[in-house]
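Chain by chain, the residues:
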Amino acid sequence: MAKKQVFGSEALQQKATARKMAKVVVSTKNDSGKYSYKEVMIDQENVAEFLSKNKS
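All chains use their own residue numbering, which begins from 1 and follows the written sequence. Whole-chain, interface and lining totals are the exception, using all residues; otherwise, since this is a predicted model, local features are given only for residues with pLDDT of at least 70 and side-chain atom pairs are given and counted only at 80 or more. Hydrogen atoms and water are omitted, and side-chain values are computed over all heavy atoms in the structure.

Caption draft 1: The arrangement of the confidence of the model for the protein chain in detail. Scored between 0 and 100, pLDDT is the confidence that the predictor attaches to each residue. This prediction gives the protein chain a mean pLDDT of 85; 96% of its residues lie at or above 70. Confidence scores differ between elements of the protein chain, with helix H1 (residues 9–17) showing the lowest mean pLDDT of 76 and strand E2 (residues 35–43) the highest of 92. A run of DSSP states H or I qualifies as a helix once it reaches four residues; a run of E qualifies as a strand once it reaches two. Both are numbered from the N-terminal end.

Structure below.
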């Protein structure tokens, strides 16, 4: 079955409350000299803070 779609002020209110997420890929170098990557989903407002904490 199809989902019921909401229009008007209710739709705008739902959009405003939705969290905006960002995918951040962090690379680290292993002992063997190879790089490994880690993907993290965080709030869009916290990207700069996350990067500054995880800088190597």
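Caption draft 2: Just the nonpolar core, in detail. For this analysis, a nonpolar core means a set of buried residues of the types Ala, Val, Leu, Ile, Met, Phe, Trp, Tyr and Cys, connected via side-chain atoms within 4.5 Å. Note on classification: 1.4 Å probe, protein chains only; a residue is buried when its accessible area is under 20% of the maximum for its type, exposed when over 50%, partly exposed between these limits. By size, the foremost hydrophobic cluster in this structure holds five residues: Val24, Val26, Val40, Ile42 and Phe50. For this core, the secondary-structure elements that each account for two or more residues are strand E1 (21–29) and E2. In what follows, residue pairs with any heavy atoms lying within 4.5 Å of each other are defined as contacts. Among residues more than four places away in sequence, those in contact with Val24 are Lys38, Glu39, Val40, Ile42, Val47, Phe50 and Leu51.

Caption draft 3: Inspection of the pairing of E1 at higher detail. Sheet analysis places E1 next to E2, joined by nine bridges and oriented antiparallel. Pairing of Lys29 across the sheet is with Tyr35, part of E2. Hairpin geometry of E1 and E2 is characterised by an intervening segment of five residues between the two adjacent antiparallel strands and by a positive phi of about 95 degrees at Gly33. When DSSP finds at least two bridges between two strands, those strands are taken to pair.

Caption draft 4: Looking closely at a nonpolar patch on the surface. Nonpolar side chains collect at one region of the surface, where Val25, Tyr35 and Tyr37 lie side by side and expose about 370 Å² of accessible area between them. Inspection of the secondary structure puts Tyr37 in strand E2. For Tyr37, a relative accessible area of 61% puts it in the exposed group. Two distance rules govern patches: like charges are joined within 9 Å, and nonpolar side chains (Val, Leu, Ile, Met, Phe, Trp, Tyr) within 5 Å, applied only to residues with over 30% relative accessible area and no salt bridge. Note on areas: these come from Shrake-Rupley sampling with a 1.4 Å probe, and a residue is covered only by the protein chains present in the view. Each reported salt bridge corresponds to a side-chain nitrogen of Lys or Arg within 4 Å of a carboxyl oxygen of Asp or Glu.

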